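# Architecture and fold: a report
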Amino acid sequence: MRLILLGPPGSGKGTQAQRLVHKHDIIQLSTGEMLRAAVAAQTPVGIQAQGIMAGGGLVPDEMVVGIISDRLDQPDAANGFILDGFPRTVPQAAALDELLKKKHIKLDAVVELRVNESALLQRVETRVAEMRARGEEVRIDDTPEVLTKRLASYRSLTEPLIHYYSERRKLLTVDGMMTIEHVTREINRILAAIGAGEAKAAKKAAGRAAKPARKRAAASRKTAGKTVKTAPKAGKSAAKAVKKPSRRVPASSGGRAVGKAGKSAKKVTKKRAKA
């Protein structure tokens with residue numbers, strides 16, 4: 001399964017991505033984590049990205065796509081992936097489409113978690129107020145002011161992707177304002193409906209269940225083959241037994257005794273006749 005998750009900050013993409021990862025045994029691709037991993041591994045793309053990031057610049061789209069390309073070539077990506085945080089713009093989406101086309105990889109769906117921005121802001125304000133009341137430290141990026149800026153950025157840069165993927169019939173929209181459990185069930189339902197979720201998992205499970213039956217059938221065929229091979233041997237043995245002539249009784253024993261008895265009987269008959 002190969003998915004993209006779309007949604008504004010605070011919509012719950014990270015939570016749902018982790019649930020899909022565990023359910024379908026796929027990997028989550030985060031561009032930030034991939035960039036850090038490439039820099040740590042000192043790959044050619046990672047070295048270039050390190051220089052740009054050290055200077056405070058933004059990593060170009062083609063470089064991010066190059067890092068994604070390297071990551072998709074790793075063995076653990078063969079079963080599927082979820083892209084979270086990329087693409088963020090229509091040009092990035094077009095570049096990703098080109099990359100997947102070159103690798104002969106089909107994108108199954110783009111899941112949009114649609115939420116109410118006012119409700120999101122209310123959630124953050126409530127959470128921040130509760131944390132301050134408990135004397136806990138509030139993260140700098142977890143305030144209503146920061147969220148307002150991030151939501152504005154999402155609307156201008158990322159929201160056009162909804163139309164982009166809708167035109168390509170890849171978009172699936174879920175109400176992100178439901179509870180976490182309800183959102184999870186709805187995602188699984190719509191993925192199963194297009195054959196990208198439960199249907200594939202059921203097919204895989206059926207394949208695993210059929211393996212023992214196939215092994216038993218193969219063993220039965222092998223045993224039957226051996227039985228058929230031994231049957232001609234038994235037939236040949238029987239044929240030899242039929243063709244083998246019976247042993248002749250030697251003339252020197254029983255044959256001679258029979259001959260003498262016959263001659264004696266004839267002499268007795270002749271004498272009686274004369275008398």
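Below: a short report on this structure. (Residues numbered from 1 in each chain as written. Predicted model: local features only at pLDDT ≥ 70, side-chain atom pairs only at ≥ 80, totals over all residues. Heavy atoms only, no water.)

## Overview of the overall build of the chain
Quick reminder of the rule: Starting at the N terminus, helices and strands are each numbered in turn, a helix being any DSSP run of H or I of at least four residues and a strand any DSSP run of E of at least two. The contact rule is simple, with two residues in contact once any of their heavy atoms fall within 4.5 Å. The protein chains shown are the only cover counted for residues, whose accessible areas, like all others here, come from Shrake-Rupley with a 1.4 Å probe.
Looking only at helices and strands, the chain has 11 helices and five strands in total. A separation of at least 24 residues holds for 73% of the contacts in the chain among residues at least 6 apart in sequence. For the chain, the exposed surface amounts to about 18,100 Å²; the carbon and sulfur share of it is 57%.

## A word on unusual backbone geometry
Note: most peptide bonds trans; most residues except glycine with negative phi. A cis amide bond links F86 to the next residue, P87, at an omega of 0°. Within the secondary structure, P87 sits in the loop between β3 (81-84) and α5 (90-102). Notably, D25 is not glycine yet its phi reads approximately 55°, a positive angle. Structurally, D25 is set in the loop between α1 (13-24) and β2 (27-30).

## Here's the deal with the environment of P60
Selection criterion: Think of it in three bands: with a 1.4 Å probe and only protein chains considered, a residue is buried below 20% of the maximum accessible area for its type, exposed above 50%, and partly exposed in between.
One can find P60 in the loop between α3 (44-54) and α4 (61-72). For P60, a relative accessible area of 27% gives the class partly exposed. A sequence separation of 32 residues divides P60 from Q92, and the C-alpha atoms of the two residues are 10.0 Å apart.

## So, the sheet that holds β3
Inclusion rule: Strand pairing is defined by DSSP finding a minimum of two bridges between the two strands. Comment: axis = line fitted to C-alpha atoms, over the contacting stretch for helices; angle = value between 0 and 180 degrees taken between N-to-C directions.
Strand order in the open sheet formed by five strands is β2-β3-β1-β4-β5, with parallel pairing between adjacent strands. Strand pairing shows two members of the sheet lacking a second neighbour, β2 and β5 (171-175), which therefore form its edges. Adjacent strand axes in the sheet meet at a mean angle of 25° when their direction is disregarded. Here four bridges tie strand β1 (residues 2-6) to β3, and the two strands are oriented parallel to one another. Looking at β3, one finds that I4 is bridged to L83.

## Brief notes about helix α9 (residues 180-193)
Basically, it comes down to this: Under the convention used throughout, the expected extent of a helix is 1.5 Å for every residue step, that is, one less than its residue count.
Between its first and last C-alpha atoms α9 spans 20 Å; for 14 residues at 1.5 Å apiece the expected length is 20 Å, and the two agree. Listed as buried for α9 are V183, T184, I187, N188, I190 and L191. The first or second residue beyond α9 is G195, which carries a positive phi of 80°.

## Overview of the pairing of β2
Side chains I27 and L29 of β2 all project onto a buried face; the interleaved residues Q28 and S30 project onto a face where none is buried. Across four bridges, β2 lies against β3 in parallel orientation. Within β3, the position partnered with I27 by the bridge is F81.

## Quick look at helix α2 (residues 31-41)
Spelled out, the test is: In this context, the arc is that of the directions from the helix axis out to the C-beta atoms.
Within the span of α2, buried status applies to T31, M34, L35, A38 and V39. All buried residues of α2 lie within an arc of 135° about the axis, which places them on one face of the element. Opposite the buried face of α2, by more than 90 degrees, sit the exposed residues R36, A40 and A41. Along its buried surface, α2 packs onto β2, α3, α4 and β3. Immediately downstream of α2, the backbone of Q42 shows phi near 55°, a positive value.

## Notes on the layout of surface pockets
One water molecule sets the probe size; rolling that probe over the atoms shows where empty space is left. Our working definition: Cavity: a set of points on a 1 Å grid over the protein atoms alone where a 1.4 Å probe fits but cannot get out. Pocket: an open set with protein on both sides within 12 Å along at least five of seven lines, its lining residues, like those of a cavity, having an atom within 4 Å of a point. Grid points are joined across faces, edges and corners, and a volume is the space filled by probe spheres set on the points.
If you add up the space inside the largest pocket, you get close to 1,300 Å³. What lines the largest pocket is a set of 42 residues, among which P9, K13, G85, R88 and R150 lie closest to the centre. The greatest single-element share of the lining of the largest pocket, amounting to six residues, is contributed by helix α7 (residues 144-158).

## Comments concerning the nonpolar core
Selection criterion: Residues belong to a common nonpolar core when they are buried Ala, Val, Leu, Ile, Met, Phe, Trp, Tyr or Cys residues joined through side-chain atoms within 4.5 Å.
Core analysis: the biggest nonpolar cluster contains 33 residues, and I4, I68, L72, F81, L96 and Y165 have the highest contact counts within it. With residues up to four places along the chain from it excluded, the contact list for I4 reads L83, F86, P87, L96, L107, A109, V110, V111 and Y165. Core analysis: the second largest hydrophobic core is formed by 17 residues, L20, I26, I82 and L172 among them.

## Things to note about the pattern of salt bridges
Side-chain pairing between opposite charges can occur once the charged atoms of the two side chains come close. How we decide: For this analysis, a salt bridge means a side-chain nitrogen from Lys or Arg found within 4 Å of a carboxyl oxygen belonging to Asp or Glu.
Inspection of every chain in the model, using the stated rule, returns eight salt bridges. Put simply, R71 and D76 hold a salt bridge, and the shortest N to O gap is 2.8 Å. R71 sits in the buried class, given a relative accessible area of 17%. K103 serves as the salt-bridge partner of D73, at 2.7 Å between the closest nitrogen and oxygen. Of this pair, D73 sits in the loop between α4 and β3 while K103 sits in the loop between α5 and β4 (109-114), placing them 30 residues apart in sequence.

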